[in-house]
Amino acid sequence: MGRIDPGVEMRADIGLATKVGKIHWIVSVMLAAGREDLLEPVRHLARRIQVEQQARAADDLATLRAADVPVVMELDTCLLLEAGPPDRSMWIDIPAGFTKLLNHDKFNWNFEMEAEDGMAGRRIPCPRGRTLGGSSSINGMLYVRGQPLDYDTWSQLGNRGWSYESVLPYFKKSEHREGDADDSRGKGGLLNVADMTESHPLCDAFIDAAEGSGFRRNKDYNNGDQEGFGYYQVTMKNGKRWSTARAFLDPARSRPNLRIETDALVQNIVLEGKRA
């Protein structure tokens, strides 16, 4: 995190030639003149403009949680570095495209496990995303919160704040669960979670057979009770992959204090006090 010095010329190529950018310049002048007493009304206006701009970008004002949008006029700046390229590819947006990404030489780190005797000496592939959104831009889009007992066990081992009860509010806040859901699920968050839009006769027969054998049909395994059989939920929206970059980064791209650099592999970080 750094500080923008008063009087520094704003760069249009990172979105500062906007209404918010002009207000940012005004704030810099006020600080240089020692008039901090005039900042609050300007901050309020900047916050309103920012929320409106992001709402248009996300096509959904409700999902922006206006109360949680940081005030853009805080003079801290944020530099986001991504070792890989931008997440611009039809194979990322098309859900079935993940099959093209599992060993992609551009969007995937293509890690491998160490060879193991139990695997006949094979090195098992471990796909990891190498683009904005990380692995959420190349994976199979399945949304699984995890087993509540695991979280509770981590908490009991001394990891405070990791119990299922503690992390549940963050799951709810981050997601927008399409369709009907109980109070364990979130509405209005930025990460869209949907049911699969297509089914398959073999999958239906398998689930029916499990139910016929006495197992429960579970329509929502993310509500804290994973036992049963059913279809997966997916991080998709309007038929496209909804990665963490789509959900959380895209609405913030226009912020004048955010700079995104791709194809930027970090070797080390030099710190001068608290400034990187």
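From a predicted model like this one, the values you see are computed outputs, not experimental measurements.

Each value, and the rule that gives it
Residues numbered from 1 in each chain as written. Predicted model: local features only at pLDDT ≥ 70, side-chain atom pairs only at ≥ 80, totals over all residues. Heavy atoms only, no water. Core = buried A, V, L, I, M, F, W, Y, C linked by side-chain atoms within 4.5 Å. Buried < 20%, exposed > 50% of the residue type's maximum accessible area, 1.4 Å probe, protein only. Helix = DSSP H or I, 4+ residues; strand = E, 2+ residues; numbered from the N terminus. Contact = heavy atoms within 4.5 Å. Axes fitted to C-alpha atoms, helices over the stretch in contact; angles between N-to-C directions. Parallel < 35°, antiparallel > 145°, perpendicular 65-115°, else oblique. Nonpolar A, V, L, I, M, F, W, Y, C, P; charged D, E, K, R; others polar. Arc of directions from axis to C-beta. Salt bridge = Lys/Arg side-chain N within 4 Å of Asp/Glu carboxyl O. Pairing = 2+ DSSP bridges.

## What about the nonpolar core?
Within soluble globular proteins, side chains that are nonpolar generally end up buried alongside one another.
Part 1: One finds Tyr143, Tyr151, Tyr164, Val167, Leu168, Phe171, Leu191, Val193, Trp242 and Ala247 forming the largest nonpolar core, which totals 10 residues.
Part 2: Listing elements by their share of this core, those giving two or more residues are helix H6 (164-174) and strand E6 (191-195).
Part 3: With four residues, H6 is the largest single contributor of residues to this core.
Part 4: For tyrosine 164, the contacting residues outside a window of four places in its chain are Arg145, Pro148, Tyr151, Asp152, Asn222, Asn223 and Gly224.

## Digging into the packing of helix H5 (residues 148-156) against H6
Part 1: Between H5 and H6, the shortest axis-to-axis distance is 8 Å and the interhelical angle comes to 120 degrees. The angle between H5 and H6 places the two elements in the oblique class. When H5 is examined against H6, the residues Pro148, Tyr151 and Asp152 are found in contact with a partner set consisting of Tyr164, Glu165, Val167 and Phe171.
Part 2: Its residues assigned to classes, the contact of H5 with H6 shows five nonpolar, no polar and two charged.

## A look at H6
Part 1: Listing the buried residues of H6 in full gives Tyr164, Val167, Leu168 and Phe171. The buried residues of H6 occupy one face: seen down the axis, they fall within an arc of 120 degrees. Opposite the buried face of H6, by more than 90 degrees, sit the exposed residues Glu165 and Tyr170.

## Focus: the pattern of salt bridges
Part 1: The tally for this structure, following the rule as stated, stands at 15 salt bridges.
Part 2: Here arginine 185 ties to glutamate 175 by a salt bridge, and the two come within 2.9 Å at their closest N and O atoms. Of the two residues, arginine 185 sits in the loop between strand E5 (175-177) and E6 while glutamate 175 sits in strand E5, which places them 10 residues apart along the sequence.
Part 3: With a shortest N-O distance of 2.6 Å, arginine 253 and aspartate 250 are connected by a salt bridge.
Part 4: The exposure class assigned to arginine 253 is partly exposed, which follows from its relative accessible area of 34%.
Part 5: The network of salt bridges with common partners includes Asp87, Asp93, Arg246, Asp250 and Arg253.

## As for the sheet that holds E5
Part 1: Ordered by their spatial adjacency, three strands build an open sheet running E5-E6-E7, and the pairing between neighbours is mixed. Here the strands that pair on one side only, and so sit at the sheet edges, are E5 and strand E7 (233-234).
Part 2: Where E6 lies against E7, two bridges are found, and the strand directions are antiparallel. Of the residues in E7, the one forming a bridge with alanine 194 is valine 234.
Part 3: Running over the sheet, H6 touches E5 and E6 and is turned about 70 degrees from E5.

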